[in-house]
Amino acid sequence: MPSSSGPSRASLALLYACATLSAWWVGPDGPVYWDSFGYVIQAITGRVGGLMLGRPTFVLSSHFMVVVWRALGGDLIAVEPLLRGAWMLVSGLGAPALACVALRAGLSVRAAVVAGALLALSPAVAHSSRAVLTDAPSMAVTLVAFALALPATRRGSWPAMLGAGAVLGIAAGLREQAVFHLVTLTALALVAPGRRVRLALAGIVGCVLALGVPVAWLVAHQPSYVGTLGDWLRSMAEERAHHPRGWRDLAMYLAWAVASGPVALVAAMAAVTPRGRALVGRDARVLALVVPSAVQFAALAGYQDIAFSPRYLLAALPCAVMLPAGILIDAWSPRARVRHALVASTVGLVLVAGVAMRRVERPLRGALRELPARLSTIPADAAVVTGQLCPAVVYHRELGRLAGAGVAPRWVQVCPGWRWPTNLEARLDSLRAGGHAVVIDLRDDAWVGDRQRSARAEAVRYARAHAGEVTLWR
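So, here is what we can say about the structure in this document. As the structure is a prediction and not an experimental result, all values here were calculated from the model.

The rules behind each value
Residues numbered from 1 in each chain as written. Predicted model: local features only at pLDDT ≥ 70, side-chain atom pairs only at ≥ 80, totals over all residues. Heavy atoms only, no water. Pairing = 2+ DSSP bridges. Helix = DSSP H or I, 4+ residues; strand = E, 2+ residues; numbered from the N terminus. Axes fitted to C-alpha atoms, helices over the stretch in contact; angles between N-to-C directions. Contact = heavy atoms within 4.5 Å. Buried < 20%, exposed > 50% of the residue type's maximum accessible area, 1.4 Å probe, protein only. Arc of directions from axis to C-beta. Phe/Tyr/Trp six-rings, centres within 6.5 Å; stacked < 30°, edge-to-face > 60°. Lys NZ or Arg CZ within 6 Å of the ring centre and 35° of its normal. Disulfide = S-S within 2.5 Å.

## Side note on the sheet that holds strand β4 (residues 471–473)
Next up, step 1: Strands sit in the order β2-β1-β3-β4 across an open sheet of 4 strands; the sheet is parallel. The strands lining the two open edges of the sheet, one partner per strand, are β2 (412–414) and β4. On average, adjacent strands in this sheet sit at an angle of 20° to one another, irrespective of strand direction.
Next up, step 2: Two elements, strand β3 (residues 438–441) and β4, share 3 bridges in a ladder whose sense is parallel. By the bridge assignment, aspartate 441 is partnered in β4 with tryptophan 473.
Next up, step 3: Across the face of the sheet, helix α20 (residues 424–433) comes into contact with β1 (383–385), β2 and β3 while running at roughly 170° to β2.

## Some points on helix α14 (residues 262–269)
Residues that lie three or four places apart on an α-helix share one face, since the helix turns once every 3.6 residues.
Next up, step 1: Turning to α14, its buried residues are Ala264, Leu265, Ala267 and Ala268. The buried residues of α14 all sit within an arc of 170° when viewed along its axis, so they share a single face. Summarising the geometry of α14, the exposed residues directed more than 90 degrees from the buried face are Val266 and Met269.
Next up, step 2: Turning to α14, the residues buried within the fold contact α6 (109–120), α13 (247–259) and α17 (317–332).

## Section: unusual backbone geometry
Next up, step 1: Positive phi values are uncommon outside glycine, yet arginine 55 reaches one of about 50°.
Next up, step 2: Note that arginine 55 resides in the loop between α2 (34–45) and α3 (56–71).
Next up, step 3: Residue class for arginine 55 comes out buried when judged on its relative accessible area of 3%.
Next up, step 4: Notably, arginine 195 is not glycine yet its phi reads approximately 55°, a positive angle.
Next up, step 5: Examined against the element boundaries, arginine 195 turns out to sit in the loop between α10 (182–190) and α11 (196–221).
Next up, step 6: Among the residues examined, arginine 195 registers a relative accessible area of 52% and is labelled exposed.

## Concerning the packing of aromatic side chains
Next up, step 1: Per the stated rule, a full pass over the model turns up 7 aromatic pairs.
Next up, step 2: Ring centres 5.0 Å apart and planes at 65° place the aromatic pair tyrosine 303 and tyrosine 312 in the edge-to-face group.
Next up, step 3: On the basis of relative accessible area, tyrosine 312 is assigned to the buried category, the value being 13%.
Next up, step 4: A ring pair is formed by tryptophan 420 and tryptophan 447, whose centres lie 6.4 Å apart and whose planes are at 90°; its orientation type is edge-to-face. Remark: tryptophan 447 occurs in the loop between β3 and α21 (449–465) and tryptophan 420 occurs in the loop between β2 and α20; sequence separation between them is 27 residues. Of the two residues, tryptophan 420 and tryptophan 447, neither departs from the other in class, the shared state being buried.
Next up, step 5: Taken together, the ring pairs connect Tyr39, Phe58 and Trp87 into an aromatic cluster.
Next up, step 6: The side chain of arginine 358 reaches across the aromatic face of tryptophan 25, ending 4.3 Å from its centre.

## Points about the environment of proline 151
Next up, step 1: By the element assignment, proline 151 lies in helix α8 (residues 135–155).
Next up, step 2: As a C-alpha pair, proline 151 and valine 101 span 50 residues in sequence and 9.7 Å in three-dimensional space.

## Let's talk about the state of the cysteines
Next up, step 1: Across all of its chains, the model carries 1 disulfide by this definition.
Next up, step 2: Across a sulfur-sulfur distance of 1.8 Å, cysteine 390 and cysteine 415 are joined as a disulfide pair. Looking along the S-S bond of the cysteine 390-cysteine 415 disulfide, the torsion reads about -75°, which is the left-handed sense. Residue cysteine 390 is located in helix α19 (residues 390–403), and its partner cysteine 415 is located in the loop between β2 and α20; the two are separated by 25 residues in the primary sequence.
Next up, step 3: Between cysteine 100, a free cysteine, and cysteine 319, which holds the nearest cysteine sulfur, the sulfur-to-sulfur gap is 13 Å.

## What to know about the environment of leucine 265
Next up, step 1: Tracing the sequence through the fold places leucine 265 in helix α14.
Next up, step 2: On the basis of relative accessible area, leucine 265 is assigned to the buried category, the value being 14%.
Next up, step 3: Beyond its immediate sequence surroundings of up to four residues, leucine 265 is in contact with Ala257, Val258 and Val321.

## Some details on the environment of leucine 82
Next up, step 1: Tracing the chain through its elements places leucine 82 in helix α4 (residues 79–91).
Next up, step 2: With a relative accessible area of 27%, leucine 82 lands in the partly exposed category.
Next up, step 3: Sequence spacing of leucine 82 and threonine 153 is 71 residues, and the spatial spacing of their C-alpha atoms is 38 Å.
Next up, step 4: Those residues in contact with leucine 82, other than ones at most four positions away along the chain, are Met65 and Trp69.

Below, the structure is given as structure tokens:
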């Protein structure tokens, strides 16, 4: 992507290396995110669905990798590290792609490199990049789409804009929220020197086609696919009813914004000052990139699951925060030592974040390591009540079924979240009456966050009321 007057290939390679090394250092060594377990099983089976449109491009691409891996003799147990590493390499493209976006939007080489470096050294981006998750890969591919769209709009080339829209459609197939960036693509078309309507339509058509093809294929070949969308909508409605947003969610949103990069956030916030607005608003292309993402970034404060993770901010983060931050840091720090100090502080933050995340995740990782041994001691049709380990129970159940050795486990899971029963006592009594042994995980480390701990309190009350009748993990 570099141009003759832009960042050198070495600079872009360095940004990519920084992004991947940050992810390796800060990110988890195994699945700790709830969704990761499900994505791995979907990658093995090729079954798509469960969240919105099911992230069709992500699952089908992962499934292709697994098919190749299995054809080469790879084990099922190694699929998760394989996918984690592969998607980390895709996510690393985000930093150099943002630098190219900044340059092609008319910014200086220094501002472009600073913006890319801030993204590469974001703790929140790094942590979610080294996981089987859709957020970081979708963000990276979206930035590639912007980098392709900018020269297309400058030349007035609708075929090139069609290609940029198709790349954005791929990003939306990785995570559907990327489709909101059609607003940005359209804004870039509308500030083009000419052929504005044609360029805008080309971007939209390209995106719809690239996202629509895998969806259409799934509708035709996977009969259960359409039904999963209705299930997801009902589950989201139930969760909103049971867990209305409150001040804690807003506080966590602010905390996640800081975790995304405090230096970048402070610099970006200065963009609302008169001088900051003048610097950011000098080029209509920059405004077309920044404003839609800034609106999306602010709107995410109202997202119902925002308290769970900063990864939900990744879609808007590069253009809402890192891009204006790069502009302002470039303008405010003409001296090299100031810039070097800012870079050093962000590097130091990443190093500290890696150490901190290992300490925070150690109890959960220990519980996850113990899980296979604990599962081996319970009946094949037991009902397991646990918290953050719940998707891991499903993961090991499906691996056991796919391995085809011995008695396939049929564990029934009772999970916090969308499917937590409104009456836990009635649900567990029904399971016991149906012949299922009930296992209740009482370990603190297995339940994460206020919502899960509230569910754990219900499970504790049931365990006390039925002492000796259920199996307890302590």
